[in-house]
Amino acid sequence: MHSFSYPATFRRDAQGRVLVGFPDLPEAHTDGRDMAEAVEEAVDCLGSVLAFRIAEKSEIPAQSRLKRGQRLVPVPLWIAGKLALYLTMVEQGVNNSELARRLGVRETVVRRMLDPEHDTRSEKIQAALEALGKRIVIAIDDAA
């Protein structure tokens, strides 16, 4: 089971802005004028970096252990399904054509499912994951 959140560091700079970095994703940095804005920006930044990595067919690292002084930042819902599908395909060594064959659709349909710029209905992502022997489970946790 994959956890769809990543640890982030939050610290203040000399001007009082909150700087955010993700140890598992070195290219992911953002900030905010206060903690609330920094958390909001961190979620957006995380989604953008993961979307870019999916689009580039790059490695998506597993989250590291949460360390003292870090907070978990959830993957935004708009990319979570595509991330789950991408990770499952990589894990199982299934390419777009093979998944399309299993689903009885054209390869372009699978390509669009993985395209972060394309809106994909959650039912299609669920069906694709089921064809790979997986399912999405939603959990609700207390906000930090």
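Residues numbered from 1 in each chain as written. Predicted model: local features only at pLDDT ≥ 70, side-chain atom pairs only at ≥ 80, totals over all residues. Heavy atoms only, no water.

## Some points on the overall build of the chain
Here is step 1 of the chain: A tally of helices and strands in the chain yields five helices and four strands.
Here is step 2 of the chain: For the chain, the N- to C-terminal ordering of α and β elements is β-β-β-α-β-α-α-α-α.
Here is step 3 of the chain: Once the C-alpha set of the chain is aligned to its principal axes, its extents read approximately 55 × 25 × 25 Å.
Here is step 4 of the chain: Split into buried and exposed, the 144 residues of the chain put 38% on the buried side.
Here is step 5 of the chain: Looking at the chain as shown, the accessible area adds up to about 9200 Å², and 50% of this sits on carbon and sulfur atoms.
Here is step 6 of the chain: Considering the chain, the positive charge centre built from 20 side chains and the negative charge centre built from 21 side chains are found 5 Å apart. (Helix = DSSP H or I, 4+ residues; strand = E, 2+ residues; numbered from the N terminus. Buried < 20%, exposed > 50% of the residue type's maximum accessible area, 1.4 Å probe, protein only. Areas by Shrake-Rupley, 256 points an atom, 1.4 Å probe, with all protein chains shown as cover. Lys, Arg positive; Asp, Glu negative; His and termini not counted. Charge placed at Lys NZ, Arg CZ, Asp CG, Glu CD.)

## Observations regarding helix H2 (residues 77-92)
Here is step 1 of the chain: Under the 1.5 Å per step criterion, the end-to-end length of H2 is 23 Å for 16 residues, consistent within 8% with the ideal 22 Å.
Here is step 2 of the chain: Of the residues making up H2, those classed as buried are Ile79, Ala80, Gly81, Lys82, Leu83, Ala84, Leu85, Tyr86, Leu87, Thr88 and Met89.
Here is step 3 of the chain: Contacts from the buried residues of H2 go to helix H1 (35-55), helix H3 (96-103), helix H4 (107-114) and helix H5 (122-131).
Here is step 4 of the chain: Positive backbone phi, approximately 70°, marks Gly93, located one or two places after H2. (Expected span 1.5 Å × (residues − 1). Contact = heavy atoms within 4.5 Å.)

## Observations concerning the confidence of the model for the chain
Here is step 1 of the chain: Chain-level pLDDT for the chain is 94 on average; 98% of the residues reach the 70-or-more range.
Here is step 2 of the chain: Averaged over each element, pLDDT in the chain is lowest for strand E4 (residues 70-74) (95) and highest for strand E2 (residues 18-21) (98). (pLDDT = per-residue confidence, 0-100.)

## A few points about H4
Since there are 3.6 residues in each turn of an α-helix, residues three or four apart along the chain are aligned in direction.
Here is step 1 of the chain: Buried within H4 we find Val109, Val110, Met113 and Leu114. Around the axis of H4, the buried residues are gathered within 135° of arc, so they sit on the same side. (Arc of directions from axis to C-beta.)

## A closer look at the packing of aromatic side chains
Here is step 1 of the chain: Taken as a whole, this structure holds zero aromatic pairs when the rule is applied.
Here is step 2 of the chain: Taking the ring centre of Phe10 as reference, the NZ or CZ of Arg71 above it sits at 5.4 Å. (Phe/Tyr/Trp six-rings, centres within 6.5 Å; stacked < 30°, edge-to-face > 60°. Lys NZ or Arg CZ within 6 Å of the ring centre and 35° of its normal.)

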